[in-house]
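Residue-level structural notes
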Amino acid sequence: MSSEWPLWEVFIRSQHGLAHKHVGSLHAPDAEMAIKNARDVYTRRNEGISIWVARSADIHASSPGDRAALFEPANDKVYRHPTFFPMPDEVKHI
Amino acid sequence: MTAPKPAAPAAELSDYLLRLGDNGLVLAQRLGEWVGKGPVLEEDIASTNVGLDLLGQARLWLTYAAEVQANSGPPLRSEDDLAFFRDSAEFRNLLLVEQPNGDYADTIARQFLFDQWHVLLLGQLTLSRDERIAGIAAKAVKEVRYHVERSADWVIRLGDGTAASHERMQAAIDALWMYTGEMFAVDATERALIDAGIAADAAALQPTWQSSVQAVLDEATIAIPADPFMQGTGSRGGKQGIHTEHLSRLLAEMQALPRSFPDARW
């Protein structure tokens, strides 16, 4: 039965964060049930205050084989990293 | 010198708290039987979560029941004593909740009929003049609002699903319907507590329950059985300790360990 149900990716916004974070995946017949199942599988211990679900089939990912081409050139350009700025204490959620 | 008169007669209050607690305890045990056997992993977890909610509520009711019994004299008992060292005739749960799991339609139908009643009852109990009861009800009703949503959703999905799922859901409602009358049958125990402003008047919940249940079953294309026969009414049901054969077997499994090893600790 479960093999007929599509896979959904679950994103939870935690108590203290602003962003939804990927926590895992589950099977459900539709979005409504996916949210209910996500509540039961992933938020029983006060983990979150908001749930997003998306069909796994609708998520497009970069290919692991392209990793070098996509990401490695950034490493040798130190001026791209904002490490030379002191961060004021007032700035939150960074 | 006499002690101040208690707000409610202890025997009635204790009995009423056992009714509330035993419903949760027995239904939680039934839902626990699905662990590892659910139709899909997600349902396995979800129905167990509902069971754990009900078990948590049962602990609060039974702890209070044990305190009320202790105040009226020995024997001193704890929530665990009440759960594990009473026989079926001493249990006060509704006949509905002790019915076997059957297939998933049976389990969902049982949950649906109970949840729809449970949420109304707890809503009334939040207004109880007994602050402890009102407090427990306020905590429990938040959980039960989710149970209501979930079981109604499944009744609609199965009832209005395939021909096979429709047939099974209709058979489940047909089989369990006769146990619903007991939920609204008020006996002398409840009457005394209703008059004291402590218990909820279950009979007054019936019209609201009927219309909510009807609305969901209509959407699920499920018919309410025409036969008006009801089990357990007339003060001869689970609330008075007269149970179906299924409760003893459930208790045998639930109580086996503490009865074999009374001092067992985790």
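For the structure itself, look to the data block above.
So, a few notes on the structure that sits alongside this text. Being a predicted model, the structure only gives us computed values, none of them experimental.

This next bit is on the overall build of chain B. Counting its secondary structure elements, chain B contains 10 helices and zero strands. Starting at the N terminus, the α and β elements of chain B follow one another as α-α-α-α-α-α-α-α-α-α. Computed over its C-alpha atoms, the radius of gyration of chain B comes to 18 Å, within 12% of the 18 Å expected for a compact globule of 266 residues. When its C-alpha atoms are laid out on the principal axes, chain B stretches across 70 × 45 × 30 Å. Restricting the contact set of chain B to residue pairs at least 6 apart, pairs at least 24 apart contribute 74%.

With that settled, consider the interface of chain B and chain A. Taken residue by residue, the interface counts eight residues in chain B and 10 residues in chain A. For the side of chain B that touches chain A, the element with the most residues is helix H2 (residues 41–71) of chain B, which contributes five residues. Across the side of chain B that touches chain A, the residue classes break down as five nonpolar, one polar and two charged.

On to helix H7 (residues 163–176) of chain B. Structural remark: α-helix, 3.6 residues per turn; residues separated by three or four positions point the same way. Here H7 of chain B is 14 residues long and its end C-alpha atoms lie 20 Å apart, about the 20 Å a rise of 1.5 Å per residue gives. On the buried face of H7 of chain B, the contacting elements are helix H4 (95–98), helix H5 (104–125) and helix H6 (131–159) of chain B.

Time to look at the environment of Leu 217 of chain B. Residue and element names in this part refer to chain B. Inspection of the secondary structure assignment puts Leu 217 in helix H9 (residues 206–219). Since 21 C-beta atoms lie within 10 Å of it, Leu 217 is described here as buried. Taking the C-alpha atoms as reference points, Leu 217 and Thr 107, separated by 110 residues in sequence, lie 16 Å from one another.

The subject of this paragraph is the sheet that holds strand E2 (residues 20–27) of chain A. Through backbone hydrogen bonds, the strands of a sheet pair up, either in parallel or in antiparallel fashion. All names here are of chain A. Taken together, three strands build an open sheet; the order of strands is E2-E1-E3 and the sheet is antiparallel. Since the sheet does not close on itself, it has two edges, and those belong to E2 and strand E3 (50–55), each with one partner. If you compare each strand with its neighbour and ignore which way they point, the axes differ by 30° on average. Taken together, the six bridges between strand E1 (residues 7–13) and E3 define a ladder with antiparallel strand orientation. By the bridge assignment, Phe 11 is partnered in E3 with Trp 52.

Turning to the nonpolar core, a few remarks are in order. Leu 17, Trp 61, Ala 65, Ala 109, Val 155 and Met 169 of chain B are the most contacted members of the largest nonpolar core, which totals 71 residues. Sort the elements by how many residues they give to this core and H5 of chain B lands first, with 13 residues. Excluding residues that lie within four positions of it along the chain, Ala 65 of chain B makes contacts with Ser 14, Leu 17, Leu 18, Gly 21 and Leu 82 of chain B. One finds Val 10, Ala 28, Ala 34 and Val 53 of chain A within the second-largest nonpolar core, a separate group that totals 10 residues.

Next up on the list: the pairing of E2 of chain A. All names here are of chain A. Summarising the sheet, E1 and E2 pair through seven bridges and their orientation is antiparallel. Directly across from Val 10, in E2, lies its bridge partner Gly 24. If you look at the hairpin formed by E1 and E2, you'll find six residues sitting between the two strands.

In this section: unusual backbone geometry. Residues and elements named next belong to chain B. With phi around 55°, Thr 221 is a residue other than glycine that occupies positive phi space. Structurally, Thr 221 can be placed in the loop between H9 and helix H10 (246–260). With 13 C-beta atoms counted inside 10 Å, the residue Thr 221 sits in the partly exposed group. Its identity is not glycine, yet Ser 235 carries a phi of approximately 55°, on the positive side. Structurally, the position occupied by Ser 235 is in the loop between H9 and H10. Look at Ser 235 and you get partly exposed, because 13 C-beta atoms sit within 10 Å.

All names here are of chain B. It is at 9 Å that the axes of helix H1 (residues 10–32) and helix H8 (residues 188–195) come closest, and there the two elements cross at 105°. Judged by the inter-axis angle, H1 sits roughly perpendicular to H8. For the pair formed by H1 and H8, the contact residues are Glu 12, Leu 13, Asp 15 and Tyr 16 on the first element and Thr 189, Glu 190, Ala 192 and Leu 193 on the second. Split into classes, the residues belonging to the contact of H1 with H8 amount to four nonpolar, one polar and three charged.

Helix packing for two helices is described by the angle between their axes and how far apart those axes are. Residues and elements named next belong to chain B. H7 packs onto H6 with a crossing angle of 125° between their chain directions and a minimal axis gap of 7 Å. If you check the angle between H6 and H7, you find them oblique. Here Val 155, Leu 158 and Gly 159 of H6 lie close against H7, whose contacting residues are Ser 165, His 166, Arg 168 and Met 169. Its residues placed into classes, the contact of H6 with H7 shows three nonpolar, three polar and one charged.

Rules used in this analysis
Residues numbered from 1 in each chain as written. Chains lettered and ligands numbered in written order. Predicted model: local features only at pLDDT ≥ 70, side-chain atom pairs only at ≥ 80, totals over all residues. Helix = DSSP H or I, 4+ residues; strand = E, 2+ residues; numbered from the N terminus. Rg over C-alpha atoms; globule rule 2.2 N^0.38 Å. Contact = placed C-beta atoms within 7 Å. Nonpolar A, V, L, I, M, F, W, Y, C, P; charged D, E, K, R; others polar. Expected span 1.5 Å × (residues − 1). Buried ≥ 20, exposed ≤ 12 C-beta atoms within 10 Å, placed from the backbone. Pairing = 2+ DSSP bridges. Axes fitted to C-alpha atoms, helices over the stretch in contact; angles between N-to-C directions. Core = buried A, V, L, I, M, F, W, Y, C linked by C-beta atoms within 7 Å. Parallel < 35°, antiparallel > 145°, perpendicular 65-115°, else oblique.

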